[in-house]
Amino acid sequence: DSSGGGIYAVESNPRNLKYILNCNIINNNAVFDGGGIRSDNSTFIDNCYFENNYCGPGRYGSAIAGSNTTTNCIFFSNSGSTIAWAKSLQNCLLVNNGSRTLQSLGDGNNTSTVRNVSLINNGSEPLYITNNIELNNVNIVFKTAGQGISVYDTVAVKYCNINGGQNRFNLGTNGYLEWGLGN
C-alpha cells in the first residue's frame, strides 16, 4: 500500500476513536509513510509487537506513522525511521531498529511525551527531534560510540540514562536542551 502497509487507521472524523490492541504487526511495507500502521490523533495503540516493517526511502514510520498514543509495545528490527509523529509513547522497548528510531514526534503544536521507554542498539540518531518533546525516564544505549541525539526544537530531559554515545546532543537551529533532575 502507499501508506499504512499493515493497518490504515486514518479517517475524516477525528472524533471516532480507534483502538489497536494486542496485535503482532510483522513484515509490512508502505511506499510512503507507516509501514506497519498509518494513524491519526484519535488512534490508541497498546500491547502490540512490531517487527521487520518498512517504509519507502526518506519516508517516516516504518512501524508507526501518525499522531497517536502508543503504550506497552515492543519494536524490533524495523527499518529506518521507526516511529514518526507520535504524540505519546509510554512503557515501550525499541531494539535493533534503523536510524532515527523516534523521528519528528508530535504535531508541532503540542509537546510530545516519551516516558518509561528504552532504546537499545538502534541506528544512528535514535532520537531526531523537530518538535517539542519531554523525555522522562528514558534509557538510551547507543550501538556505536559516534551516535547522538539531534534536537531542532525544545527537549526536556528528566530522569534519563544515556550511555555509549560520543555526540550525545546535537543542537541544531532553534534547538534547546532543558537538562532536568535525575540524569
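Figured I'd write up the structure that's included with this text. (Residues numbered from 1 in each chain as written. Predicted model: local features only at pLDDT ≥ 70, side-chain atom pairs only at ≥ 80, totals over all residues. Heavy atoms only, no water.)

### Section: the pattern of salt bridges
Turning to step 1, where the next piece is worked out: Going through the model one piece at a time under the given rule, you end up with three salt bridges.
Turning to step 2, where the next piece is worked out: Salt-bridge contacts for D33 lead to R59; the nearest nitrogen and oxygen are separated by 3.2 Å. Here D33, found in the loop between β4 (29-30) and β5 (37-39), pairs with R59, found in the loop between β8 (54-55) and β9 (64-65); they are 26 residues apart in sequence, far enough to count as distant.
Turning to step 3, where the next piece is worked out: A salt bridge links R115 to E134; the nearest nitrogen and oxygen atoms lie 3.4 Å apart. Taken together, the residues span a long stretch of sequence, with R115 in strand β16 (residues 112-120) and E134 in strand β18 (residues 133-141) at a distance of 19 residues. (Salt bridge = Lys/Arg side-chain N within 4 Å of Asp/Glu carboxyl O. Helix = DSSP H or I, 4+ residues; strand = E, 2+ residues; numbered from the N terminus.)

### As for unusual backbone geometry
Turning to step 1, where the next piece is worked out: The phi angle at R100 is positive, at roughly 50°, despite the residue not being glycine.
Turning to step 2, where the next piece is worked out: By the secondary structure assignment, R100 is in the loop between β14 (93-95) and β15 (102-103).
Turning to step 3, where the next piece is worked out: Residue R100 is classed as partly exposed on the basis of its relative accessible area, which comes to 26%.
Turning to step 4, where the next piece is worked out: Positive phi values are uncommon outside glycine, yet Y159 reaches one of about 55°.
Turning to step 5, where the next piece is worked out: Considering the arrangement of structural elements, one finds Y159 in the loop between β20 (154-158) and β21 (161-163). (Buried < 20%, exposed > 50% of the residue type's maximum accessible area, 1.4 Å probe, protein only.)

Everything listed here is a matter of coordinates, which is why it stays silent on function.
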